[in-house]
Amino acid sequence: MIVTKYDYRDQFDDLDGLTDRIRALLLKGDYVLGPAVARFEERFAAYNSVAHAIGVNSGTDAIVLALRALDIGPGDEVVTVANTFHASVLAVTAVGARPVLVDCEPDTYLMDLSQLESAVTSRTRAVLVVHMFGQAVDMERVEAVSRRHGLAVVEDCAQAVGARWNGRRVGGFGHVGCFSFHPSKNLAAAGDGGAIVTDDAAIDRRVRVLRGLGQRAQNEHVERGCNSKLDSVQALVLDAKLDLLDDWNARRASVADRYAKAFDGTAVTATPPAGDRHVFHLYQVSVRDRDRVLADVTERGVQAVVRYPVPIHRQPAFADLDLGTSYPHAQAQADHTMCLPVRPNLTDEEITYVAQTLVEATTSPRP
């Protein structure tokens, strides 16, 4: 049996009329921004219970533009987590700020908030909270630290669209929430895309200027912006999928629950259950002799992967930043974890096969 990470067929089975809408848009020539993007922005803001959503061309640009809208730049520090994806820290450096890392927790792999306050200095301007793998960080604790020190809070929700903390969806807690619609994400474009959400009207206005080459009106360039617009075809795809997102996330959680029960009492350390806090963009497990186990299950048709094998502080691109060397839990994640297929349309047979294959690989090494 082959069990794949991605199968995009289920993402389009229920999208009646989408191809007709795309064809009509293409014939009209309304390719960038326009009514399709405005409609998706309005609906995505409502989905996240915020006042504003701004479509951009990637999740990375969403963070860059959020930081720029908050006037964060050279001389400033931004605290984030050591096990995040490269793009989170890349965005901080792109505006000239210095990333400061804290370790993750050993079980959830979320930012260890007990270390957050000690990472704050006189130069710290913001906390970049990363809802890793689809699970929400404790935003009340983050907000308490940010209030004490006068810090902006930027939420990296690239992996966590739809996840909740105390009943509220992520993205609406901080000053700005940043989302990715890369094809691998739970809410996936048919290409790339991203969005910024905020309740702050001034941030909304500024991001809209920045994403459009710094242009406030035709040929009136008031800032040195960039070209980062969500295109209309992607907006149509995302808008059509938005109504199905919560159901897809619920199916992911059901798959994760099946895995957790299958791994109970085995040598596999599974992701802790987290209710609606977790939308399971990725399903992490920790095993001994990870690389051998990964090779074994892959040979037997399970498309498991490692995310992320090289932590931020060991990435060559950031070697000049003096990010520190001691992040034991981030390093343990890099050394011992792997991600199992967790797409919404996994069948019961596939889930059982993945779980059995992994348990067998951890208990009976193949010759």
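(A) View of the pairing of strand E14 (residues 337-340). Side-chain alternation along E14 places Thr-337 and Cys-339 on one buried face and Met-338 and Leu-340 on a second face that is also buried. In terms of strand pairing, strand E13 (residues 283-286) meets E14 through four bridges, oriented antiparallel. Across the sheet, Ser-286 pairs through a bridge with Thr-337, a residue of E14.

(B) View of the pattern of salt bridges. A full pass over the atoms with the stated rule returns 21 salt bridges. Linking Arg-125 and Asp-76 is a salt bridge whose minimum nitrogen-to-oxygen distance equals 3.2 Å. Of this pair, Arg-125 sits in strand E4 (residues 124-130) while Asp-76 sits in the loop between helix H4 (59-69) and strand E2 (77-81), and the two are 49 residues apart along the sequence. Given a relative accessible area of 31%, Arg-125 falls into the partly exposed group.

(C) Just unusual backbone geometry, in detail. With an omega of -5°, the peptide bond running from Arg-307 to Tyr-308 counts as cis. The residue Tyr-308 is located in the loop between helix H10 (290-299) and helix H11 (328-336) in this model. Although it is not a glycine, Tyr-109 sits at a positive phi angle of roughly 65°. If you trace the backbone, Tyr-109 turns up in the loop between strand E3 (98-102) and E4. On the accessibility criterion, Tyr-109 (10% relative accessible area) is buried.

Procedures and definitions
Residues numbered from 1 in each chain as written. Predicted model: local features only at pLDDT ≥ 70, side-chain atom pairs only at ≥ 80, totals over all residues. Heavy atoms only, no water. Buried < 20%, exposed > 50% of the residue type's maximum accessible area, 1.4 Å probe, protein only. Helix = DSSP H or I, 4+ residues; strand = E, 2+ residues; numbered from the N terminus. Pairing = 2+ DSSP bridges. Salt bridge = Lys/Arg side-chain N within 4 Å of Asp/Glu carboxyl O.

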